Amino acid sequence: DAGVIQSPRHEVTEMGQEVTLRCKPISGHDYLFWYRQTMMRGLELLIYFNNNVPIDDSGMPEDRFSAKMPNASFSTLKIQPSEPRDSAVYFCASSSSTGVNIYFGEGSWLTVV
Amino acid sequence: AQTVTQSQPEMSVQEAETVTLSCTYDTSESNYYLFWYKQPPSRQMILVIRQEAYKQQNATENRFSVNFQKAAKSFSLKISDSQLGDTAMYFCASLYSNYQLIWGAGTKLIIKP
């Protein structure tokens, strides 16, 4: 049974470039979460969706960040333009409304130079 | 405000020993869930164990068990017969009705051979 799938696993990009992170949640899960993990701030919830609809995006740091979920099996987190302070591990996670366990993908390591 | 506190930044034990990681939380809600997640050097976030606040019985998953003290708002994780593969960061987290996971700062656990 496939878990949450994220891509890319690692990305190094130059400041100012656009970055797109992708996520495929576990089939049947109707909640999808995007988290960011840094040494300074720990794990932060950026945004979450329920049935493809954004419910809470109060954690999105600024307008450079955007997230979409066009269908139940795919979501993107975009950073445009990227800055060095965006360097972090970005996790996608999913959960079903009938259960409470939240399952994480392996994360996308982003380095902005 | 809802908070989760892990007071042990780092712990180290010998292989096969038993180790207990501490976690306290603060909330005014009556219905919530508590989790322990493991994050090995690969940075993947792995669900270890879950406890429902309405259940008095402590959750157990093989070598992992919790001591849930609801009145004291304490949720410690016990790892029995520790193994080298248990070396990781361990995060305590709480989940409420708004589907927000509140995270502790983590405890770095080192299992020595």
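Placed above this text is the structure.
Residues numbered from 1 in each chain as written. Chains lettered and ligands numbered in written order. Predicted model: local features only at pLDDT ≥ 70, side-chain atom pairs only at ≥ 80, totals over all residues. Heavy atoms only, no water.

Caption draft 1: Main features of the overall build of chain A. Within chain A, the secondary structure is distributed over zero helices and eleven strands. Traced from its N-terminal end to its C-terminal end, chain A shows the element sequence β-β-β-β-β-β-β-β-β-β-β. By its C-alpha atoms, chain A is 40 × 25 × 25 Å across when sized along the principal axes. Sorting the 113 residues of chain A into buried and exposed places 50% on the buried side. In chain A, once contacts between residues fewer than 6 apart in sequence are set aside, the share between residues at least 24 apart is 53%. (Helix = DSSP H or I, 4+ residues; strand = E, 2+ residues; numbered from the N terminus. Buried < 20%, exposed > 50% of the residue type's maximum accessible area, 1.4 Å probe, protein only. Contact = heavy atoms within 4.5 Å.)

Caption draft 2: Molecular detail of the interface of chain A and chain B. On the side of chain B, 18 residues touch chain A, which itself brings 23 residues to the contact. With both sides pooled, the region where chain A packs onto chain B buries about 1,700 Å², and carbon together with sulfur makes up 57% of that total. For the pair chain A and chain B, the number of links is four residue pairs in polar contact (both at pLDDT 80 or more). Residue assignment for the side of chain A that touches chain B shows that the elements contributing at least two residues are β4 (31-38), β5 (42-50), β9 (88-95) and β10 (103-104) of chain A. Take the side of chain A that touches chain B: its biggest share by element is four residues, from β4 of chain A. Tallied by class, the residues present in the side of chain A that touches chain B amount to 13 nonpolar, seven polar and three charged. (Buried area = accessible area lost by both parts, 1.4 Å probe. Polar contact = N/O pair within 3.5 Å; in protein donor to acceptor, adjacent residues only side chain to side chain. Nonpolar A, V, L, I, M, F, W, Y, C, P; charged D, E, K, R; others polar.)

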